[in-house]
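The lines below spell out each chain.
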Amino acid sequence: MTDRAWMRLALDEAARAPSHDDVPVGAVLVGPTGDVVAQERNERELTGDPTAHAEVLALRAGARALGSWRLTGCTLVVTLEPCTMCAGAIVLSRVSRVVYGAVDDKAGAAGSLYDVLRDRRLNSRPEVLPGVLADESAALLRRFFEEHRPLR
């Protein structure tokens, strides 16, 4: 599969969010052999867990599936640019590549507001590919916010 195909899986995962108020962000972790090892979506509202971002959940599920916290050779595909928490988890898990869709100007930590993923002071720096299906990713988020937080 390609980055675009994996992003479509992440978008499908984000769109499957139940009717609760979780922001529709989806993540897919692709293993070193190209197999999808985890697919997750935001569950902060659903679970009451502030760390239940799609990326963190995908890293946890992927580590369980692969039997190691070291996710070297893996690609994390996510519909929204990772925040600082998620970027830190990505670096610590040794993910090799990060592919994301929409830019997050307010909280992005992969080049927008911060650039944690490419910080040379850290011991692991994944390759970062931004903007894959960015319009589709942004449209999903825009629809959510129009429905859940209408302008006054």
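Residues numbered from 1 in each chain as written. Predicted model: local features only at pLDDT ≥ 70, side-chain atom pairs only at ≥ 80, totals over all residues. Heavy atoms only, no water.

S.K.: Help me understand the pairing of strand S1 (residues 26-30) in this model?
M.R.: Within a regular strand, the side chains alternate between the two sheet faces. Within S1, five of the five residues are buried, leaving the element largely enclosed by the surrounding structure. Between the antiparallel neighbours S1 and strand S2 (residues 36-41) lie five residues, among them glycine 34 with a positive phi of about 95°. Of the pairings in the sheet, the one linking S1 to strand S3 (residues 75-80) comprises four bridges and is antiparallel in character. Bridged to leucine 29 within S3 is leucine 76. (Buried < 20%, exposed > 50% of the residue type's maximum accessible area, 1.4 Å probe, protein only. Helix = DSSP H or I, 4+ residues; strand = E, 2+ residues; numbered from the N terminus. Pairing = 2+ DSSP bridges.)

S.K.: Please clarify how the pairing of strand S4 (residues 97-102) should be interpreted in this entry.
M.R.: Of all six residues in S4, six are buried, a share of seventy percent or more. Relative to S4, S3 runs parallel, the two sharing five bridges. Paired with valine 77 across the strands is valine 99, a residue of S4. On the question of chirality, the crossover connecting S3 to the parallel S4 by way of helix H4 (residues 84-93) is right-handed. (Right-handed = clockwise from strand over helix to strand, strands pointing away.)

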